[in-house]
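Structure at a glance
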Amino acid sequence: MPRRTRPRTQDQRRQRHKDVLHDRGGHRANDFRCVGCRLDVSVDAPGTAHRNHCPQCLASLHVDRRIPGDRASECRGRMEALAVFTRPDGEWMIVHQCLSCTELSSNRIAGDDNAIALMRLALRPLQDTDRASRTLINL
Amino acid sequence: MSTTSNTLKIHTFTCAWCGLTATKSTSDGALRNHCPSCLHSQHVADHVEGGPSECEGRMSPIAIAVLRTGDWMLIHRCVRCDELTSNPVCGDDNQLILMRMAVRPLAQPPFPLEALGSL
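Report follows, based on the coordinates. (Residues numbered from 1 in each chain as written. Chains lettered and ligands numbered in written order. Predicted model: local features only at pLDDT ≥ 70, side-chain atom pairs only at ≥ 80, totals over all residues. Heavy atoms only, no water.)

Okay, the layout of surface pockets next. Each pocket or cavity is described by its volume, and for the second largest pocket that value is around 720 Å³. Lining the second largest pocket are 22 residues, with E80, A81, L121 and R124 of chain A together with R68 of chain B positioned closest to its centre. Listing elements by their share of the lining of the second largest pocket, those giving two or more residues are strand 4 (78-86), strand 5 (92-98), helix 1 (115-122) and helix 2 (124-127) of chain A. Residue composition of the lining of the second largest pocket, by class: twelve nonpolar, five polar and five charged. (1 Å grid on protein atoms, 1.4 Å probe; cavity = no way out; pocket = protein on both sides within 12 Å on 5 of 7 lines; lining within 4 Å. Points joined across faces, edges and corners; volume = space filled by probe spheres on them. Helix = DSSP H or I, 4+ residues; strand = E, 2+ residues; numbered from the N terminus. Nonpolar A, V, L, I, M, F, W, Y, C, P; charged D, E, K, R; others polar.)

Here it is in C-alpha cells:
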C-alpha cells in the first residue's frame, strides 16, 4: 500500500467501500498465506475438508483453541510440524506445536502435502542413529 | 500403619490402563507421569488454560517427537477429550512400544515410497 505523504484535499474522492468480494464468505474467504514460506494456499485440498497447514512446508497458525475451527485463540503464533502418527485406520496425522505457547494440535495430512517433508518428519526419530540403536539393543 | 499407606500413595501411582504400580520418580531423579510398561498416562493437567484438569481421562501414547537436542518426547492424547500433551521419555520406558510408535508411520505410507528413491 503506498504511503500517503500529503494530506487529502477536498476535491479528491474517497475510495469507494467494496464489500462484495472481500467480506467474510466472499471471494477466497478462507484462503491463507503460509507464515513459513509465504505460499498462497487454497483451502480446497484433495483428500481433506479441513486443511490447516501449508502443503509445502507443513507450517500452520495457532488460531483454534479447543475445538478445531472455533478460531477462538488469541495466540496467533506459528505452529511447526513436530511429529507424524498413524490413526488406527492407517491415515497419517501431523502433530503441530505452537512456537510461542507450546500448545499441541493434530491434523490429517492432505493429498497434496509435500511427500519429502512428510518423510523427513516420519524419519526424524530414526535420524539419530545412536538413540535408535540404543533403543533397539535394549529391546 | 497409616503413615506407610500414605507414603505409598505419595510415591507411587497405579496405571489407568495396565494397573501397574509405578514410582513417581525414576531412578535418575526425573519425575514420571506415564506408566513405564504400557506408556499410558492420565489427564490431570490442563494445557490450554493451565492448572489442573477435571477430565482425569486416560491418555494413550500416539507419537514420538524429537527435540533439537535429539531427545525423544512422548506425545499423549486423552481418549476422553482429545487433548494432546508431550512429555520426555524416561530411561526405563518400554523400548518395544517406543520403537513400534517410531516406525509405525513407515509401515503404512500414504504414498508409494519407490518414487522417493528415484529423486
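For an interface, size is often stated in terms of accessible area lost upon the parts coming together. Across the contact, 33 residues belong to chain B and 33 residues belong to chain A. Regarding the contact of chain B and chain A, the summed buried area is about 2,900 Å², with carbon and sulfur atoms giving 69% of it. Applying the counting rule to chain B against chain A returns two salt bridges. Its salt-bridge partner being R66 of chain A, residue D46 of chain B comes within 2.9 Å of it at the nearest N-O pair. Linking chain B with chain A are four residue pairs in polar contact (both at pLDDT 80 or more). Those elements that provide at least two residues to the side of chain B that touches chain A are strand 4 (58-66), strand 5 (72-78), strand 6 (84-88) and helix 2 (95-107) of chain B. Of the residues forming the side of chain B that touches chain A, the biggest block, eight residues, is contributed by helix 2 of chain B. Across the side of chain B that touches chain A, the residue classes break down as 22 nonpolar, six polar and five charged. (Contact = heavy atoms within 4.5 Å. Buried area = accessible area lost by both parts, 1.4 Å probe. Salt bridge = Lys/Arg side-chain N within 4 Å of Asp/Glu carboxyl O. Polar contact = N/O pair within 3.5 Å; in protein donor to acceptor, adjacent residues only side chain to side chain.)

Attention now moves to empty space enclosed by the protein. Within this structure, the stated rule accounts for one cavity of 30 Å³ or more. Quantified by volume, the largest cavity comes out at close to 40 Å³. Those elements that provide at least two residues to the lining of the largest cavity are strand 4 and helix 1 of chain A together with helix 2 of chain B. No other element matches the three residues that helix 2 of chain B contributes to the lining of the largest cavity. Of the residues belonging to the lining of the largest cavity, the class tally is nine nonpolar, no polar and no charged.

Nothing here speaks to function; it is geometry throughout.
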